[in-house]
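Survey of secondary and tertiary structure
What follows is each chain in one-letter form.
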Amino acid sequence: MSQTPHMGRREFVQLVTGFVGAVMGAVIGLPAIGYLISPATKRRQSEAWIPLGPLENYPVGVPTLFNFTRSKVNGWEKTVNSYGVFVVRHPDDSVTVLSNVCTHLACRVNWVPENQWFLCPCHDAQFGLDGQVLGGPPPRPLDSYTQDAVKIEDGNLFIFFKEA
Amino acid sequence: MSTWQKLLNWFDERLGLTTIYSTVLDRKVPKVNWWFTLGSASMILFLLQGVTGVMLTVYYVPSPDHAYDSINYIMNEVAFGWLIRGIHHWGASLMVLVVFAHMLRTFYFGAFKYPRELTWITGVFLLLCTVGMGFTGYLLPWNQRAFWATTVGTSIAGAVPFVGEFINEVLRGGTDLSALTLARFFSVHIWWLPAAIIALIGVHMYMIIRLGISSVPTKED
């Protein structure tokens, strides 16, 4: 048999079995891999422009708190997170938008008009009007939205929200 | 001798692979017909249910708050989730059918007779386990049909004289269907019954390999 230049019957059957087996393995195996890695392949859209309302609502020089919520869906579970930002409007109508989360241990800071600082209720950290650390344990200034993450359209203020 | 052959021999010398192969697969069998393939079909279906079942546990959550939603997620969001669950769903019905047909063939061909009585008896338990898998698996989607089917099914157990009510409460994990019922049905479905089935298949197969299979009965039988 092996002397003939043609493929033997046994060899042919082995080849066909191997080929059909490989095709069947791929047909079953690839969907199985897709099934297992599926959640990692889905892109969740969490970035968005958040409207903060008309700019006139924000008095010049006085940090004003704006609260908003963002919902996040993981599988079948929906989580709603609340966020707060302090909007500081400047006389030239430019704005500084600061996160109200203390950079020390993530407590929410409050604006204290008498002292002109943000005070963290947890460890008495103080931040200035532009977010810089005035005293206390925080390692860095309050997080702020960069100028390209803030826009004013038709007198309405927007911030570009990105998940931290 | 090729490298491949050398490698194979190295393992064979230590593991006895060819002995296993010849004992398990190169057995002498009488001339039989297609009805004799139902046992193998049952085992292949069990393996299929096992593999797809393991895959489903990646996403399924056995809790009243999440069971239905997690299955919705599998069906609508996960890539090929519909396929994996579909195979598990239809494979379950098919397995009950094939196992039952396998039992009928054994019965009508008299294959349960000496010396194969114990093979038959383990087979009886395998049939019961298969039905048990169907019963416990039916509750897991936690939809209306599942809930009320299990309510009726466990109530039937409650009809047993004297101890019925107790059996019912053990099955449900309380007087009503609850999170406890779902959790224990899930446990039985993925741990207890599969373990029992694997053990029983082991014994069943050992006896088939040891005793060989019976031939198709003739007029003289």
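Up top is the structure these notes are about.
Now for a description of the structure that goes with this document. (Residues numbered from 1 in each chain as written. Chains lettered and ligands numbered in written order. Predicted model: local features only at pLDDT ≥ 70, side-chain atom pairs only at ≥ 80, totals over all residues. Heavy atoms only, no water.)

**Remarks on the overall build of chain B**
For chain B, the count of helices and strands is 9 helices and 0 strands. Projecting the C-alpha coordinates of chain B onto the three principal axes gives extents of approximately 60 × 50 × 30 Å. Evaluated residue by residue, chain B yields a buried proportion of 32% over its 221 residues. Here the contacts in chain B between residues at least 6 apart in sequence split such that 70% fall between residues at least 24 apart. About 14,200 Å² of surface is accessible on chain B, with carbon and sulfur atoms providing 71% of the total. (Helix = DSSP H or I, 4+ residues; strand = E, 2+ residues; numbered from the N terminus. Buried < 20%, exposed > 50% of the residue type's maximum accessible area, 1.4 Å probe, protein only. Contact = heavy atoms within 4.5 Å. Areas by Shrake-Rupley, 256 points an atom, 1.4 Å probe, with all protein chains shown as cover.)

**Let's talk about the packing of aromatic side chains**
Geometry of an aromatic ring pair is reported as the spacing of the ring centres plus the angle between the planes. Tallying each qualifying case throughout the model produces 19 aromatic pairs over all chains. A centroid spacing of 5.1 Å and a plane angle of 85° characterise the contact between Y35 of chain A and Y59 of chain B, whose relative ring orientation is edge-to-face. Remark: Y59 of chain B occurs in the loop between α3 (38-56) and α4 (67-76) and Y35 of chain A occurs in helix α1 (residues 9-41); the pair is interchain, linking two chains. For the pair shown, Y35 of chain A and Y59 of chain B are each scored as buried. With centroids separated by 5.7 Å and ring planes inclined at 25°, the aromatic side chains of F68 of chain A and Y83 of chain A adopt a geometry described as stacked. Taken together, the residues span a long stretch of sequence, with F68 of chain A in strand β2 (residues 64-74) and Y83 of chain A in strand β3 (residues 77-89) at a distance of 15 residues. Given a relative accessible area of 25%, Y83 of chain A falls into the partly exposed group. (Phe/Tyr/Trp six-rings, centres within 6.5 Å; stacked < 30°, edge-to-face > 60°.)

**Comments concerning helix α7 (residues 144-157) of chain B**
Residues and elements named next belong to chain B. The terminal C-alpha atoms of α7, which comprises 14 residues, lie 20 Å apart, in line with the 20 Å expected from a rise of 1.5 Å per residue. When α7 is considered as a whole, its buried residues turn out to be A146, T150, T151, G153, T154 and A157. Next to the buried residues of α7 lie α6 (117-139), α8 (164-172) and α9 (179-211). (Expected span 1.5 Å × (residues − 1).)

**A few points about the pattern of salt bridges**
Residue and element names in this part refer to chain A. In this structure the tally under the stated criterion is 3 salt bridges over all chains. Of the charged contacts, one joins R89 and D93 as a salt bridge, the two residues approaching to 3.0 Å between their closest N and O atoms. R89 sits in the buried class, given a relative accessible area of 14%. Of the residues examined, D93 reaches a relative accessible area of 35% and is grouped as partly exposed. One salt bridge in this structure joins E153 and K151, with 3.3 Å as the shortest N-O distance. We classify E153 as partly exposed; its relative accessible area is 41%. (Salt bridge = Lys/Arg side-chain N within 4 Å of Asp/Glu carboxyl O.)

**Describing the interface of chain A and chain B**
In this complex, chain A contributes 11 residues to the contact, which on the side of chain B involves 17 residues. Summed over both sides, the interface of chain A with chain B buries roughly 1,200 Å², with 71% coming from carbon and sulfur. In terms of surface lost to chain B, no three residues of chain A exceed P31, Y35 and W76 of chain A, which account for 60% of the buried area on that side. Counting every contact that joins chain A to chain B gives 0 salt bridges. Seen at the junction of chain A and chain B, the total is 5 residue pairs in polar contact (both at pLDDT 80 or more). Per-class residue counts for the side of chain A that touches chain B are 6 nonpolar, 3 polar and 2 charged. (Buried area = accessible area lost by both parts, 1.4 Å probe. Polar contact = N/O pair within 3.5 Å; in protein donor to acceptor, adjacent residues only side chain to side chain. Nonpolar A, V, L, I, M, F, W, Y, C, P; charged D, E, K, R; others polar.)

**Observations concerning the state of the cysteines**
All names here are of chain A. For the coordinates displayed, the defined rule picks out 1 disulfide over all chains. Here C107 connects covalently by a disulfide to C122, the sulfurs 1.9 Å from one another. As the torsion about the S-S bond is roughly -95°, the C107-C122 disulfide counts as left-handed. One end of the pair, C107, is in the loop between β4 (95-99) and β5 (110-112); the other, C122, is in the loop between β6 (117-119) and β7 (126-127), with 15 residues separating them in the sequence. With a relative accessible area of 17%, C107 lands in the buried category. Residue C122 is classed as partly exposed on the basis of its relative accessible area of 38%. (Disulfide = S-S within 2.5 Å.)

**Let's talk about the pairing of strand β10 (residues 156-161) of chain A**
All names here are of chain A. Sheet topology places strand β1 (residues 48-54) next to β10; 6 bridges connect them, and they run antiparallel. Following the sheet pairing, W49 is matched in β10 by F160. As paired strands, strand β9 (residues 150-153) and β10 are joined by 4 bridges and run antiparallel to one another. Residue I152 lies in a different strand from β10, and its bridge partner there is L157. (Pairing = 2+ DSSP bridges.)

**Focus on the side chain of T106 of chain B**
Residue and element names in this part refer to chain B. Considering the arrangement of structural elements, one finds T106 in helix α5 (residues 81-108). One polar contact links the side chain of T106 to the main-chain carbonyl oxygen of H102, over a distance of 2.7 Å. Setting aside residues no more than four positions away along its own chain, T106 makes contact with A111, F112 and W120.

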